[in-house]
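# Structural features, examined
Below, each chain spelled out in residue letters.
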Protein chains: 2
Amino acid sequence: MEKLAEMLKAKKLKVTPQRLAIFGILYNTRNHPSAETIYKALQPTHPTMSLATVYKTLDTLKKSDLVEELNVGEDSFRYDATISPHPHAICLKCNSVEDLDTKVLDNITSEIQDETDFDIISEKLYFYGYCKKCKTSK
Amino acid sequence: MEKLAEMLKAKKLKVTPQRLAIFGILYNTRNHPSAETIYKALQPTHPTMSLATVYKTLDTLKKSDLVEELNVGEDSFRYDATISPHPHAICLKCNSVEDLDTKVLDNITSEIQDETDFDIISEKLYFYGYCKKCKTSK
DNA sequence: ATGCTTGCAAACGCTTTGCACTCTG
DNA sequence: CAGAGTGCAAAGCGTTTGCAAGCAT
């Protein structure tokens, strides 16, 4: 938890209980929760926190590159504590969003850079299909 | 235009002027317009068409795999007449969305398939940066 | 003729905003 | 203490839905 506070300070953000709680959730899970999910998860421990605060905080963290916003095609956004760029896999059955552990995409950015006229700054790669648990019982 | 009607029929969809108009716009531009943009573009020629019809039609086309829905991170969706799967490049300056012409990604799906436990059905690949026009005047 | 499609308006759900209060640095 | 963050309620906006009328097959 101390670590999270340091990360906020490094970005010159004020350290508040709400920010620590929200950032903490994202930092310690790989579920890629939505704002609503984060809000509900914090209800027990932070019953007075409002959904608006969750959104405002996520926006702040996003602007400081501590958190990435994912558009997997649902009606709401999901969030991910950004460590390094990595592709996401969305299960069409259970709707889970997991990090894809692969090295295949490591060099594609520079390769695409060489092939096209487009200057790439960042990327979002989504793969849709069936996760380990669901693919057997499609 | 005849061609579009055939494509609709092939998917067992009724051929209506509205569907032809909307599909036609998507089929003949590479702008990846939003529902709103499509609606406005059709105002001159189809003044009675409602925005709801645009949404319903896009949904129909989407379900028949004639159109792909893009989540580039804006507040609204964009649409693309799907020919073959291809990555998209979003310009951070002019907000244009263009098709990326590259072969780099051709085999990644099967490669990822081999590396991970995830069964890939489809993919959406977005690259953010600066387009040819904007990169000189960043 | 029948069932799908359209158009209108109202509803919906996620996200944002305004403002007064509170807290961090 | 000043300025930024929080919480509440209300507003905003893209998208969806219900229903009556119209059209494709």
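Residues numbered from 1 in each chain as written. Chains lettered and ligands numbered in written order. Predicted model: local features only at pLDDT ≥ 70, side-chain atom pairs only at ≥ 80, totals over all residues. Heavy atoms only, no water.

Looking now at the UniProt feature "binding site: Zn(2+)" (unreviewed entry) in chain A. Residues and elements named next belong to chain A. According to UniProt, the feature "binding site: Zn(2+)" (unreviewed entry) maps to Cys91, Cys94, Cys131 and Cys134 in the numbering used here. Their sequence span is 44 residues, while the largest C-alpha to C-alpha distance among them is just 8.3 Å; these annotated residues converge on one region. Tracing the chain through its elements places Cys94 in the loop between β3 (88–91) and β4 (97–99). Given the relative accessible area of 39%, Cys94 is considered partly exposed. Its place among the elements puts Cys134 in the segment after β5 (119–130). Leave out the neighbours within four places in its chain, and Cys134 touches Cys91, Lys93 and Cys94. (UniProt positions renumbered as here; feature names shortened; annotations may be inferred. Helix = DSSP H or I, 4+ residues; strand = E, 2+ residues; numbered from the N terminus. Buried < 20%, exposed > 50% of the residue type's maximum accessible area, 1.4 Å probe, protein only. Contact = heavy atoms within 4.5 Å.)

A cluster of acidic residues, A:Asp101, A:Asp106, B:Glu111, B:Asp114 and B:Glu115, forms a negative patch on the protein surface. Structurally, B:Glu111 is set in helix α5 (residues 108–115). For B:Glu111, a relative accessible area of 38% corresponds to the partly exposed category. (Patch = residues over 30% accessible without salt bridge, like charges linked within 9 Å, V, L, I, M, F, W, Y side chains within 5 Å. Areas by Shrake-Rupley, 256 points an atom, 1.4 Å probe, with all protein chains shown as cover. Salt bridge = Lys/Arg side-chain N within 4 Å of Asp/Glu carboxyl O. Lys, Arg positive; Asp, Glu negative; His and termini not counted. Charge placed at Lys NZ, Arg CZ, Asp CG, Glu CD.)

Superposing chain A onto chain B requires a rotation of 180° together with a translation of 0.1 Å along the rotation axis, leaving an RMSD of 0.1 Å. The superposition of one copy onto the other is thereby described by a two-fold rotation axis. Within chain A, A:Leu125 has its C-alpha nearest the rotation axis, a separation of 2.3 Å. (Least-squares fit on C-alpha atoms with pLDDT ≥ 70 in both.)

Looking now at the state of the cysteines. Residue and element names in this part refer to chain B. This model, assessed by the stated rule, comprises 0 disulfides over all chains. You can see Cys91 has no disulfide; the closest cysteine sulfur is in Cys94, sitting 3.7 Å from it. The class of Cys91 is buried, set by a relative accessible area of 0%. (Disulfide = S-S within 2.5 Å.)

Now for the interface of chain A and chain B. The interface of chain A with chain B comprises 39 residues on the first partner and 40 residues on the second. Interface area, chain A with chain B, both sides summed: about 3,300 Å², of which 65% is carbon and sulfur. When the buried surface of chain A facing chain B is broken down by residue, A:Phe118, A:Phe127 and A:Tyr128 rank first, second and third, together holding 20% of it. Across the chain A-chain B interface, the total number found is 2 salt bridges. For the salt bridge of A:Asp117 with B:Lys132, the shortest nitrogen-to-oxygen distance reads 3.5 Å. Between the two partners, chain A and chain B, sit 14 residue pairs in polar contact (both at pLDDT 80 or more). Mapped onto the side of chain A that touches chain B, the elements with two or more residues apiece are β3, α5 (108–115) and β5 of chain A. (Buried area = accessible area lost by both parts, 1.4 Å probe. Polar contact = N/O pair within 3.5 Å; in protein donor to acceptor, adjacent residues only side chain to side chain.)

The next subject is the environment of B:Leu26. All names here are of chain B. Structurally, Leu26 can be placed in helix α2 (residues 17–28). Taking the relative accessible area as the measure of exposure, Leu26 reaches 1% and is therefore buried. Separated by 53 residues in sequence, Leu26 and Tyr79 place their C-alpha atoms 7.3 Å apart. Residues within four places of Leu26 in sequence aside, it is in contact with Pro33, Ile38, Leu58, Val67, Tyr79, Asp80 and Ala81.

Here the focus is the protein's contact with DNA strand C. As a matter of local geometry, DNA strand C sits amid 20 residues, with A:Val15, A:Tyr55, B:Thr16, B:Arg19 and B:Lys56 nearest to it. The sugar-phosphate backbone supplies 73% of the atoms of DNA strand C found within 4 Å of the protein. In this structure, a phosphate oxygen belonging to DNA strand C sits 2.9 Å away from a main-chain N or O atom of A:Phe77. Residue B:Lys14 places a side-chain N or O atom 3.2 Å away from a sugar or linking oxygen belonging to DNA strand C. Those elements that provide at least two residues to the surface near DNA strand C are α4 (51–63) of chain A together with α2 and α4 (51–63) of chain B. Tallied by class, residues from the surface near DNA strand C come to 7 nonpolar, 7 polar and 6 charged. (Near = heavy atom within 4 Å. Nonpolar A, V, L, I, M, F, W, Y, C, P; charged D, E, K, R; others polar.)

Our next topic: the sheet that holds β5(A). Strand pairing in a sheet takes place through backbone hydrogen bonds and is either antiparallel or parallel in direction. Taken in spatial order, the 6 strands line up as β4(A)-β3(A)-β5(A)-β5(B)-β3(B)-β4(B) in an open sheet, and their pairing is mixed. Unpaired on one side and paired on the other, β4 of chain A together with β4 (97–99) of chain B mark the two borders of the sheet. When the angles between neighbouring strand axes are averaged without regard to direction, this sheet yields 25°. Inspection of the sheet shows strand β3 (residues 88–91) of chain B paired to β4(B) by 3 bridges, in the antiparallel sense. From the neighbouring strand, B:His88 faces β4(B), where its bridge partner is B:Asp99. (Pairing = 2+ DSSP bridges. Axes fitted to C-alpha atoms, helices over the stretch in contact; angles between N-to-C directions.)

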